[in-house]
Each structure stands twice: as structure tokens, then as C-alpha cells.
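Listed below, chain by chain, are the residues.
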Amino acid sequence: MQVNAQALTVETTPIADIRQLILLLDTRAPLLWMRRNQGLAGIGTALRLEFSGATRLTDAATAWRDVAAAATVSDPIESTGTGLLAFGAFAFDASSAQTSVLIVPQVVIGRDNGRCWVTRIWPTGTTPPEIPLARRPLGTEYRISLLPGALPPAGYRDAVGEAVSRIASGDLNKVVLARDLVGRLPAESDLRRAVSELALGYPDCWTYAVDGLVGSSPETLIRADHGEVNARVLAGTMSRGADAASDLEAALQLATSAKDGDEHAFAVQSVLASLRPHTSHLITSEIPFTVKLPNLWHLATDVEGTLSDGSNSLDLIAAMHPTAAVAGTPTGTALALIRELEPFDRGRYAGPVGWVGADGDGEWAIALRCAQVSPAGSVTAYAGCGIVLDSEPERELAETRMKFRPVVEAFG
């Protein structure tokens, strides 16, 4: 764990409505958390904390408490997303070579239902940063192809087949297997172009950009706000129909699918088991419901509860990750099989991504429908499926193609 003990000064002030958060961002290192054009845009870096290994999430929770305790904050608005905050992205696996990060921007511009604010953050005793509110047009258009990476389609079908065999033999109940696509951006490409395409195409998802990880996730891992917590569990997928009748049929087929129902139940029980020790009560929607995205139907369950032990949002994601929705069950067995069958490091794919405030409240999604862009311009996208006893390799491969669509279209 790398921690900078530098005390920070934080100042939040109201500003006139800013309608285009993405156009304020850095072209190569955007920081964004947005849904339906509401959210947070970060510019510059006041503090960067890096973590790795099995304790990366608990270390982050401890470090963030220290940073918040040392900060001097002026925040007359005192609302969700104001004051001191950090954007974060965490590696999926403890053994990942990819660092996990908390990034405190120099400037945060927030927008919530037409109300806007700017927060400046700087090392105490130094000069405050300027407030950069000038919108910069998107850079030159680019279109790149994302091609099979370390696990091509045939290899993915084989991996799914092997996973089903392990499930049939009683080794585990479910495992989530992913595959990768790779490409390269032209030099000096404006990463905001891909981010903008994701935000426009998937407005009901969390569109995020943190340290080169960009995507639009439909799944809220956890939201903590003044002692209340909620999550949305997604597991079980069906392609949208070509017309109204076939689309309705697809939704009904998903809702009544035994295979998808089993996959979903494992994911819900995983979240409930993780949250119970931290809450005084938990409630869920009575039965799973279908959620409609531009290209997919998902089975969903909402979870709500009240915190009872003083945990912050980082403590909660440390308790929850990885859920059965992105790993499998039992967790340890599923992770071991993922390491065996996936010939690549997932990096931050399927890890927590989001933001945390000074009081520990925050919003975190699972990093899905995403790609990691390196400083040199390499792009690696990931998509995965929950494999259970009834899974068919060809169908699971087709599902990954659907899940790749947001990122493939954003970059291509």
C-alpha cells in the first residue's frame, strides 16, 4: 500500500448549471461518474493512492479514513458528491498485476438535477488550483477494431465446456468466465470520444472513467448514503428481440428460465450474505424483475438496508467483492477455476469502480461493459457469463458478443 500523508484543503462552491460534463474532462485521463447526465467530473490529480494484493480494499478503507481525517473542508452545500472525494477502481483478483487506485482530483465538477458545484482540492499550504470550466470540443474521430485476444472464441467454448464438467462433478455451483478483445488507439486519441458514446448509448447505466478504465455498467454494487445502503444485483441475460412481440417474448423467456433463475439466485444470496453482518435489516424485491437495456434484458433484484456498524462504502465493497455475479459460488473454488481457465489477468474488469466521499458515503458499480486503456494506447475489453450446470458453450459465447457491443461500438 502506498499512502501520501499530505493534508488536503477542500473548498466547494455552487456554480451555474454545467450541462456537458464530459467536455470539461482531460482528453487522455478523464475522471467521470455519470448517469442520465448527472454525476461527477474530475480534473487533475491532487492525491493518488495505490493498493495491491489481498488487502487492497481494506487498505483503501483505512487509508481513506486517514486522508479524510487530515483534510480541512469548506462545504456549505453538504450534499451527496460535494466536499472531499476520490474516484476509485480496484483489481478483480488479489493476484492481479494491475494496481488498484483512489484518485483525488484537483477539481471536481458535480451536477445533480440542474444544481451544480465545483470543488477544489489542494495540498494544504500551497496555491489552490484554477477552476477550468471551459468546454473543449472532442478531438479527431477514430475507429478501431477490437479483435480476439488471449482467449479466442474456440478457446472460450472449450473453457465453458470444462466449467460445466466441473459443475456436474460437484466441484462448484457456478463460475463466471470472461474472454478478451484487444486493439490500439491512434496516438493522441481523445478518450472522451469513447466515453461520450457510452454515455449517449447507455444513459441508464453508470458511465465511468477512472485511470484508463472506461465503461458503462448496469450493476450497482453498493450505494451508501447517510446510513442507508442499496444495491442492484444483475445475473441472467437475454438478447433483445427484433420487434415488440419478439422483445416481449425474450423478456418472458428470461423471467421463466430455470438456468437464468439459478444463476441469479446464487448472485443474490452472495450479496445478502456479505451485507448482513453490517446491517440491522435487509429487504429485497420479492421476485427478480427484468431490466431493459438497449441491447439486452437482465434479471435484477434490488437490495436495501440500514447500516448498523459504522461501515463506509469502501468497507462494504471489501466485504462484498467478489460477488457470485462476477466470480461464482463457492467463491474460493470459482476464483481458482477462473485463474485456471482464463489465460489473462482480468485487471480491473469486474472489480469495484466508483467514488467515495469524506464521510465514507459513495457509489460503486461493478466494472462491466468496459475496456482498460493503457498510457501507450492499447485497449483491452472484457465480457463474461455466469456458467451453471445447464450452460451451453455456443449460447454463452453469443452472450459475450452481446455484452461486448457497448465497448466495440464506442471505440469502433
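It should be emphasised that the depicted structure is a prediction, and the values quoted were computed from it without experimental measurement.

*Asks:* How would you sum up the pattern of salt bridges? Please name residues and give values.
*Replies:* Under the definition given, this model contains 25 salt bridges. The partner of aspartate 211 in a salt bridge is arginine 348, and the shortest N-O contact between them spans 2.8 Å. Placement of aspartate 211 in the loop between strand E12 (206-210) and strand E13 (213-217) and of arginine 348 in the loop between helix H7 (331-341) and strand E20 (352-357) is noted, with a sequence separation of 137 residues between them. Judged by relative accessible area, aspartate 211 falls into the partly exposed class, the value being 25%.

*Asks:* An account of the packing of helix H2 (residues 153-168) against helix H8 (residues 393-411) is needed here, citing residue identities and associated values.
*Replies:* Viewed as axis vectors pointing N to C, H2 and H8 meet at an angle of 125°, and their least axial separation amounts to 9 Å. One way to sum up the angle between H2 and H8 is to call them oblique. You can see that H2 and H8 cross each other, and the crossing is right-handed. Contact with H2, carried on its side by Pro153, Tyr156, Arg157, Val160 and Gly161, involves Pro393, Glu394, Glu396, Leu397 and Thr400 of H8 and no other residues of that element. Classifying every residue of the contact of H2 with H8 by side-chain character gives 5 nonpolar, 2 polar and 3 charged.

*Asks:* Quick one: what's the story with the packing of aromatic side chains, residue by residue and with numbers?
*Replies:* For the coordinates displayed, the defined rule picks out 4 aromatic pairs. Seen from their ring centres, tyrosine 349 and tyrosine 382 are 5.3 Å apart, and the 20° between their planes marks the pair as stacked. In this pair, tyrosine 349 is assigned in the loop between H7 and E20 and tyrosine 382 in strand E23 (residues 378-387), connecting sequence segments 33 residues apart. Tyrosine 382 gets classed as buried once you look at its relative accessible area, which sits at 9%. Ring-pair connections join several aromatic residues into one group, and the members of that group are Phe344, Tyr349 and Tyr382. Here the guanidinium or amino end of arginine 35 rests over the ring plane of tryptophan 206, the centre of that ring lying 4.1 Å away.

*Asks:* Can you break down the pairing of E12 residue by residue, with the values?
*Replies:* Across the 5 residues that make up E12, a large majority, 5, are buried. The side-chain alternation of E12 yields two buried faces, one formed by Trp206, Tyr208 and Val210 and the other by Thr207 and Ala209. Here 3 bridges tie strand E2 (residues 31-35) to E12, and the two strands are oriented antiparallel to one another. Following the sheet pairing, tryptophan 33 is matched in E12 by tyrosine 208.

Criteria and cut-off values
- Residues numbered from 1 in each chain as written.
- Predicted model: local features only at pLDDT ≥ 70, side-chain atom pairs only at ≥ 80, totals over all residues.
- Heavy atoms only, no water.
- Salt bridge = Lys/Arg side-chain N within 4 Å of Asp/Glu carboxyl O.
- Helix = DSSP H or I, 4+ residues; strand = E, 2+ residues; numbered from the N terminus.
- Buried < 20%, exposed > 50% of the residue type's maximum accessible area, 1.4 Å probe, protein only.
- Axes fitted to C-alpha atoms, helices over the stretch in contact; angles between N-to-C directions.
- Parallel < 35°, antiparallel > 145°, perpendicular 65-115°, else oblique.
- Left-handed = near helix turned anticlockwise from the far one by under 90°.
- Contact = heavy atoms within 4.5 Å.
- Nonpolar A, V, L, I, M, F, W, Y, C, P; charged D, E, K, R; others polar.
- Phe/Tyr/Trp six-rings, centres within 6.5 Å; stacked < 30°, edge-to-face > 60°.
- Lys NZ or Arg CZ within 6 Å of the ring centre and 35° of its normal.
- Pairing = 2+ DSSP bridges.

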